[in-house]
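# Breakdown of the fold
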Amino acid sequence: MLTENMIECDNLVKIYKTKDLEVLALQGLDLLVERGELMAIIGNSGSGKSTFLNMIGGLDRPSAGKLYVDGKDLFRMNEKELVEYKKKTVGFVWQNNARNLLPYLTAYENIMTPMLFSDEKNKGDRVMELLDMVGLSHRKNSKLSQLSGGEQQRIAIAIALANRPKLLLADEPTGSVDRNTSDYILDMFRRLNEELGITIVIVTHDKTLTKKVNRVVSIRDGKTSSERIVKEDYINKLRDNTLDWNTLESQEEYAVLDRAGRLQIPKELLEEMGVKDNKVKLEVKDGKIVIEKP
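Residues numbered from 1 in each chain as written. Predicted model: local features only at pLDDT ≥ 70, side-chain atom pairs only at ≥ 80, totals over all residues. Heavy atoms only, no water.

Attention now goes to the packing of aromatic side chains. A full pass over the atoms with the stated rule returns one aromatic pair. Ring geometry for Phe92 against Trp94: centres 4.4 Å apart, planes inclined by 0 degrees, an arrangement best described as stacked. The buried category is assigned to Trp94, whose relative accessible area is 11%. (Phe/Tyr/Trp six-rings, centres within 6.5 Å; stacked < 30°, edge-to-face > 60°. Buried < 20%, exposed > 50% of the residue type's maximum accessible area, 1.4 Å probe, protein only.)

Now for the nonpolar core. Note that soluble globular proteins tend to have their nonpolar side chains buried in a common cluster. With 39 residues, the main nonpolar core has Ile111, Ile155, Ile157, Leu161, Leu168, Phe189 and Ile202 as its most contacted residues. Contributing elements (two or more residues each) for this core: β3 (38-42), α4 (107-112), α5 (123-133), α6 (149-161), β7 (167-171), α7 (179-196) and β8 (199-203). Sorting elements by how many residues they give to this core places α6 first, with seven residues. Other than its neighbours up to four places away in sequence, Ile155 contacts Leu101, Ala107, Ile111, Leu131, Leu136 and Leu147. Membership of the second largest hydrophobic core comes to 29 residues, among which are Met6, Met55, Ile56 and Leu167. (Core = buried A, V, L, I, M, F, W, Y, C linked by side-chain atoms within 4.5 Å. Helix = DSSP H or I, 4+ residues; strand = E, 2+ residues; numbered from the N terminus. Contact = heavy atoms within 4.5 Å.)

Right, let's get into the pairing of strand β2 (residues 22-34). In terms of strand pairing, strand β1 (residues 5-17) meets β2 through 10 bridges, oriented antiparallel. Counterpart to Asn5 in the pairing with β2 is Glu34. Linking β1 to β2, which pair antiparallel, is a turn of four residues. (Pairing = 2+ DSSP bridges.)

In the contact formed by α6 and α7, the axes pass within 10 Å of each other and the chain directions differ by 20 degrees. The orientation of α6 relative to α7 falls into the category roughly parallel. For the pair α6 and α7, the crossing hand works out as right-handed. When α6 is examined against α7, the residues Gly150, Gln153, Arg154, Ile157 and Leu161 are found in contact with a partner set consisting of Thr181, Tyr184, Ile185, Met188, Phe189 and Leu192. Of the residues belonging to the contact of α6 with α7, the class tally is seven nonpolar, three polar and one charged. (Axes fitted to C-alpha atoms, helices over the stretch in contact; angles between N-to-C directions. Parallel < 35°, antiparallel > 145°, perpendicular 65-115°, else oblique. Left-handed = near helix turned anticlockwise from the far one by under 90°. Nonpolar A, V, L, I, M, F, W, Y, C, P; charged D, E, K, R; others polar.)

Glancing now at the sheet that holds strand β5 (residues 72-73). Across the sheet, four strands lie side by side as β2-β1-β4-β5; this open sheet has antiparallel pairing. Each edge of the open sheet is held by one strand with a lone partner, namely β2 and β5. The pairing of β1 with strand β4 (residues 64-69) spans five bridges and is classified as antiparallel. Paired with Val13 across the strands is Ala64, a residue of β4. Its contacts with the sheet put helix α1 (residues 49-56) on β1, β2 and β4, and the angle it makes with β1 is roughly 115 degrees.

Structural data, given as structure tokens:
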């Protein structure tokens, strides 16, 4: 049964084991992503954001908790069901274009490749539709070496959309392009999100990009620590490339409480307060919770 949420994570845990070591990559992550949402996930290296992307993409198995995507329980899927899920439900755009495109094929052939295993009837028409969608129909016969970095990433988006997925996952999609190309790619994501109704989750370090999506989830130490939600005044300005998004405070930030009522306080704030151990003083003043060092 389908719900209003495309992604539902409940106390999600991922443990990587080697012969001598166990690494806890996700430590009880809770997150809901609505259908048709365009949102970003941020976090430092090792925070668990890429692990999370691999979980919902069906590329890795969770260790514990609950994970539903498009109403499907990823814990209960066998290998055959997982292959179907990756073919029909989810599309991936990677930062490394060598992972997105085959260098010896043309742009047209690259987009056609994932469709060879689909039920699409007019595959050629679908390829041209996707090339038009990303503004590169004139480059259909170009190979990887003949395309700029931005053009390669736009072809990668077309490939990810080839089999009409319901969920598009993008891992640092603007990490290797300049500012203007980055803006163009984000505007393309916004247009695809609005026109196709596709849910888009972007993992990124790009602070300007995160200011131009409706919601930003911050993952710290394998848990959701805070969310930033766009202010109502800025909703209609998100497409405006003339604004300096580096200087604008377009979003409100909220700390996220876990089931036990706990929250994560960023390390920078604790250092600014002068907290040197694991104790703080809590007090309610005028209806507000005040946190102080002992």
